[in-house]
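Observations on chain architecture
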Amino acid sequence: MPTKAIGTVDLDIEICKGCELCIKVCPVNVLEMSREFNTIGFRYPILLDGCTGCEMCALICPDFCFTAIYRNIPNKRAAEIQ
Ligand code: SF4
Ligand code: SF4
């Protein structure tokens, strides 16, 4: 199956307290804060394209919002069009 060297994260936005540490630490600047608020009243990160799966965001988050990091995800789209 074709693979592409990319990463992604799973993020629980409902426990985020909006400290923005993850935004600042991401080396490729693919996290930005939402305009909307979560149910406890904080803005939360949104993941843009280009995550490398480096885990820096998960390591720095004081509230353990990042629940999983994935790297080298199978390129499903490429597989689907074959
Ligand atoms: S895993 Fe790395 S590249 Fe991806 S969002 Fe987190 S800090 Fe950024
Ligand atoms: S580091 Fe954690 S608590 Fe802070 S904004 Fe990012 S996800 Fe939210």
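Look a little higher up for the structure.
Quick summary incoming for the structure in this document.

Rules used in this analysis
- Residues numbered from 1 in each chain as written.
- Chains lettered and ligands numbered in written order.
- Predicted model: local features only at pLDDT ≥ 70, side-chain atom pairs only at ≥ 80, totals over all residues.
- Core = buried A, V, L, I, M, F, W, Y, C linked by C-beta atoms within 7 Å.
- Buried ≥ 20, exposed ≤ 12 C-beta atoms within 10 Å, placed from the backbone.
- Contact = placed C-beta atoms within 7 Å.
- Helix = DSSP H or I, 4+ residues; strand = E, 2+ residues; numbered from the N terminus.

1. Side note on the nonpolar core
Counting 11 residues, the largest nonpolar core consists of Val9, Leu11, Cys16, Cys22, Cys26, Leu31, Tyr44, Cys51, Cys57, Cys65 and Phe66. The residues touching Leu31, leaving out its near neighbours within four places in the chain, are Cys22, Ile23, Cys26, Pro45, Leu47 and Cys57.

2. Some words on the environment of Phe64
Topologically, Phe64 is positioned in the loop between α2 (56-60) and β4 (66-71). The class of Phe64 is exposed, set by 9 C-beta atoms lying within 10 Å. Once the C-alpha coordinates of Phe64 and Leu11 are considered, the two residues, 53 residues apart in sequence, prove to be 8.9 Å apart.

3. Section: the environment of Gly53
Along the chain, Gly53 turns up in the loop between β3 (45-47) and α2. Contact partners of Gly53, with chain neighbours within four places excluded, come to Gly7, Ile69, Tyr70 and Arg71.

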